[in-house]
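Structural description and commentary
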Amino acid sequence: MLDNNLKKELERLALEIRIGAVEEFKARGFGHIGGSLSVADALAVLYGVVMNVDPKNPLWEGRDKLVCSKGHAGPAVYAALARKGFFPYEELKTLNQPGTNLPSHCDRKKTPGIDMTTGSLGQGTSLAVGMALGDRLKGRMGRTYLIVGDGELNEGQVWEAAMFSAAKKVTNLVWLIDNNKKQLDGYTQDILDSGDLRLKFEAFGFDAVSIDGNDLEQLYMTLSKDVQDRPLAVIMDTTKGKGIEEVEETMANHSMAVTDETYDRWLRELKQQLDDIPYAGVRKEGIS
């Protein structure tokens, strides 16, 4: 069970990640908001308490790593990294601007704390498998966490990587499937239905679980599990655009271009939610 103080801190961090992402989109005028907001809770748990990383030494060999294969959710990752202290928060407002260190999709050569360049859907899965296997062969203790979109599962490369993960028992790799039920062109089930994802990953040889991917306690309990003899696949049942009612209710919320007034309204909504959560006092180790 999550300690109540820690839960409050993670709730605040998830909202801070959402606020940071919206501030990025406001500065740019548009962006991949739906899929960024849906993974904010997972990122809060990962960077807030689960992952062992060092903002002062982003390339530390013993660190845990994150691969956001759905690279268009990079703005949410950037917001988490800024809150963690990998770079100044104000840099978020340079998203995808000329000379920025924060391109629209993740780039490990530009952004401190980004472990792998991603964006071409499917490719991040194979890269994450290789990173995790390489760490294991080198005797490193860190885990790799892989975020994959449910629409991204339409890519055959994803299932090749899954098959390899299970066959080679790459147990230091955790798959997180952002099952927000939408992709660029509509509902995932209408475009190419993937069926029961938990059963499918189990059939591939995974320890697979389905959870509410916007529930911090369920995320914490699942991601804090000890390594088993099979790789772990976490099917995160999420809401695309989670945290902003207007975005949640918008059908075409994969990428949105709206006015400054709209962004300001969304920021007020998120900041009000943040104000409603009292500080828990002394922050737990790992929260920054």
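Everything here concerns the structure above.
Residues numbered from 1 in each chain as written. Predicted model: local features only at pLDDT ≥ 70, side-chain atom pairs only at ≥ 80, totals over all residues. Heavy atoms only, no water.

**Regarding the pairing of strand 3 (residues 144-149)**
Across the six residues that make up strand 3, a large majority, six, are buried. Covered by surrounding structure in strand 3 are Thr144, Leu146 and Val148 together with Tyr145, Ile147 and Gly149, the residues of both alternating faces. Bridging between strand 2 (residues 65-68) and strand 3 involves four bridges; their strand directions are parallel. Within strand 3, the position partnered with Cys68 by the bridge is Ile147. At this point the chain moves from strand 3, through helix 6 (residues 156-167), to the parallel strand 4 (residues 173-179), and the crossover so formed is right-handed. (Buried < 20%, exposed > 50% of the residue type's maximum accessible area, 1.4 Å probe, protein only. Helix = DSSP H or I, 4+ residues; strand = E, 2+ residues; numbered from the N terminus. Pairing = 2+ DSSP bridges. Right-handed = clockwise from strand over helix to strand, strands pointing away.)

**A word on helix 9 (residues 216-223)**
Taken together, the buried positions of helix 9 are occupied by Leu216, Glu217, Leu219, Thr222 and Leu223. In this fold, the buried residues of helix 9 make contact with helix 1 (4-28), helix 3 (40-50), strand 3, strand 4, strand 7 (207-212) and strand 8 (232-237). For helix 9, the side-chain oxygen to backbone nitrogen distance between the N-cap and Glu217 is 3.1 Å, and the N-cap itself is Asp215. (Contact = heavy atoms within 4.5 Å. Polar contact = N/O pair within 3.5 Å; in protein donor to acceptor, adjacent residues only side chain to side chain.)

**Considering the state of the cysteines**
For the structure on display, the rule yields zero disulfides. Distance from the sulfur of Cys68, which forms no disulfide, to the nearest cysteine sulfur (Cys106) is 5.0 Å. We classify Cys68 as buried; its relative accessible area is 3%. (Disulfide = S-S within 2.5 Å.)

**Details of the packing of aromatic side chains**
A complete count under the given rule lists six aromatic pairs for this structure. The interplanar angle of 85° and the centroid separation of 5.6 Å between the aromatic rings of Trp175 and Phe206 together place this pair among those described as edge-to-face. Here Trp175, found in strand 4, pairs with Phe206, found in the loop between helix 8 (197-203) and strand 7; they are 31 residues apart in sequence, far enough to count as distant. The exposure class assigned to Trp175 is buried, which follows from its relative accessible area of 0%. (Phe/Tyr/Trp six-rings, centres within 6.5 Å; stacked < 30°, edge-to-face > 60°.)

**Some words on the nonpolar core**
One broad trend across soluble globular proteins is that nonpolar side chains are buried collectively. Of all hydrophobic cores here, the largest spans 62 residues; its most connected members are Ile17, Leu43, Tyr47, Leu66, Tyr145 and Leu223. Tallying contributions element by element places helix 1 first for this core, with ten residues. Once you skip the residues sitting within four places of it in the chain, Leu43 turns out to touch Ile17, Gly48, Leu66, Ala76, Val77, Ala80 and Ile147. Counting residues in hydrophobic clusters, the runner-up holds 24 residues, among them Met116, Val148, Ala166 and Ala233. (Core = buried A, V, L, I, M, F, W, Y, C linked by side-chain atoms within 4.5 Å.)

**Observations regarding the pattern of salt bridges**
Enumeration over the complete set of coordinates arrives at 15 salt bridges. Of the charged contacts in the structure, one is a salt bridge between Asp135 and Arg140, with a shortest N-O distance of 3.1 Å. Residue classification places Arg140 among the partly exposed residues on the basis of a relative accessible area of 24%. For Glu202, the salt bridge is made with Arg198, and the minimal N-O distance between the two is 2.8 Å. Remark: Arg198 and Glu202 occur in helix 8; sequence separation between them is four residues, near one turn of the helix. (Salt bridge = Lys/Arg side-chain N within 4 Å of Asp/Glu carboxyl O.)

Without other data, these values stay purely geometric and don't point to any function.
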